[in-house]
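Tertiary structure, described
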Amino acid sequence: MAQTLKTLRVPPNSASLEEARKRTFEFFKLACRSIPKIMEIYNLYDVVTVSQLRSAVSSEIKRNSNIENPKVIDMLLFKGMEELGNIVQHSKQRHHLIGQYVVGREGLVKDLGTKDHGISDFLKQFYTSNYA
């Protein structure tokens with residue numbers, strides 16, 4: 001798997017938007033093929049399934065689906081290849097993958113609403129007067 005990552009490189013410029021999208025699909029296929037190896041390397045079987053990781057990769061790609069500049073797509077593909085290479089070469093630790101791809105951004109946002117409960121009237125007035 002590591003040999004495949006070394007041989008597949010993102011060329012500096014895509015000639016057209018269709019070529020950039022084709023490279024994006026090739027990157028997605030490569031990322032999905034490397035997920036079982038990643039699951040084995042980081043021992044993620046007790047935390048997440050292969051399909052959940054595949055959908056996390058898919059959502060990262062779909063998040064940038066509105067971009068139509070081939071140079072920007074090439075830059076994002078380069079970043080994705082770098083990230084995938086770092087993961088496969090075990091440059092990240094297990095908790096990095098869990099926090100970034102299993103829990104995701106939604107896990108960090110869920111706790112924001114509960115921090116105002118039990119705050120005193122004095123602190124509420126202090127915060128509104130100094131930060132409003």
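Here goes a summary of the coordinates provided. Note that the structure is predicted; figures quoted are calculated from it, not measured.

1. Here we look at the environment of Lys92
Tracing the backbone shows Lys92 in the loop between helix H4 (70-88) and helix H5 (94-109). Along the chain, Lys92 and Tyr42 lie 50 residues apart, while their C-alpha atoms are 9.3 Å from each other. Sequence-distant contacts of Lys92, that is, excluding residues within four places in its chain, are made with Tyr42, Glu83, Asn86, Ile87, Leu97 and Gln100. Within the structure, Lys92 has its side chain in polar contact with the side chain of Glu83 (distance 2.7 Å).

2. Considerations on unusual backbone geometry
In this model, Asn43 sits at a positive phi of 50°, which is unusual for a non-glycine residue. Mapped onto the secondary structure, Asn43 falls in the loop between helix H2 (17-42) and helix H3 (50-63). A positive phi is found at His90, a non-glycine position, where the angle reads about 65°. Within the secondary structure layout, His90 lies in the loop between H4 and H5. Looking at His90, the relative accessible area reads 43%, which means it is partly exposed.

3. Describing a nonpolar patch on the surface
Residues Phe122, Phe126 and Tyr127 make up a contiguous nonpolar surface patch of roughly 340 Å² in combined accessible area. Owing to a relative accessible area of 37%, Phe126 belongs among the partly exposed residues under this scheme.

4. Notes on H2
Counted at 1.5 Å a residue, the expected span for H2 with its 26 residues is 38 Å, and the 35 Å between its end C-alpha atoms agrees. The largest bend in H2 amounts to roughly 40° and is located at Ile35, with the proline Pro36 lying one to four residues further along. Asn43, located one to two residues past H2, shows a positive phi value of around 50°.

5. Things to note about the nonpolar core
Among the nonpolar cores identified, the biggest contains 21 residues, and Ile38, Met39, Tyr42, Leu44, Leu53, Leu84 and Leu97 are the most heavily contacted of them. Those elements that place two or more of their residues in this core are H2, H3, H4 and H5. At 8 residues, the largest contribution of residues to this core is made by H2. For Leu97, the residues in contact, after removing those within four places along its chain, are Ile38, Tyr42, Leu44, Ile87, Lys92 and Val102.

Definitions and cut-offs
Residues numbered from 1 in each chain as written. Predicted model: local features only at pLDDT ≥ 70, side-chain atom pairs only at ≥ 80, totals over all residues. Heavy atoms only, no water. Helix = DSSP H or I, 4+ residues; strand = E, 2+ residues; numbered from the N terminus. Contact = heavy atoms within 4.5 Å. Polar contact = N/O pair within 3.5 Å; in protein donor to acceptor, adjacent residues only side chain to side chain. Buried < 20%, exposed > 50% of the residue type's maximum accessible area, 1.4 Å probe, protein only. Patch = residues over 30% accessible without salt bridge, like charges linked within 9 Å, V, L, I, M, F, W, Y side chains within 5 Å. Areas by Shrake-Rupley, 256 points an atom, 1.4 Å probe, with all protein chains shown as cover. Salt bridge = Lys/Arg side-chain N within 4 Å of Asp/Glu carboxyl O. Expected span 1.5 Å × (residues − 1). Bend = angle between axes of the 7 residues up to and from the residue. Core = buried A, V, L, I, M, F, W, Y, C linked by side-chain atoms within 4.5 Å.

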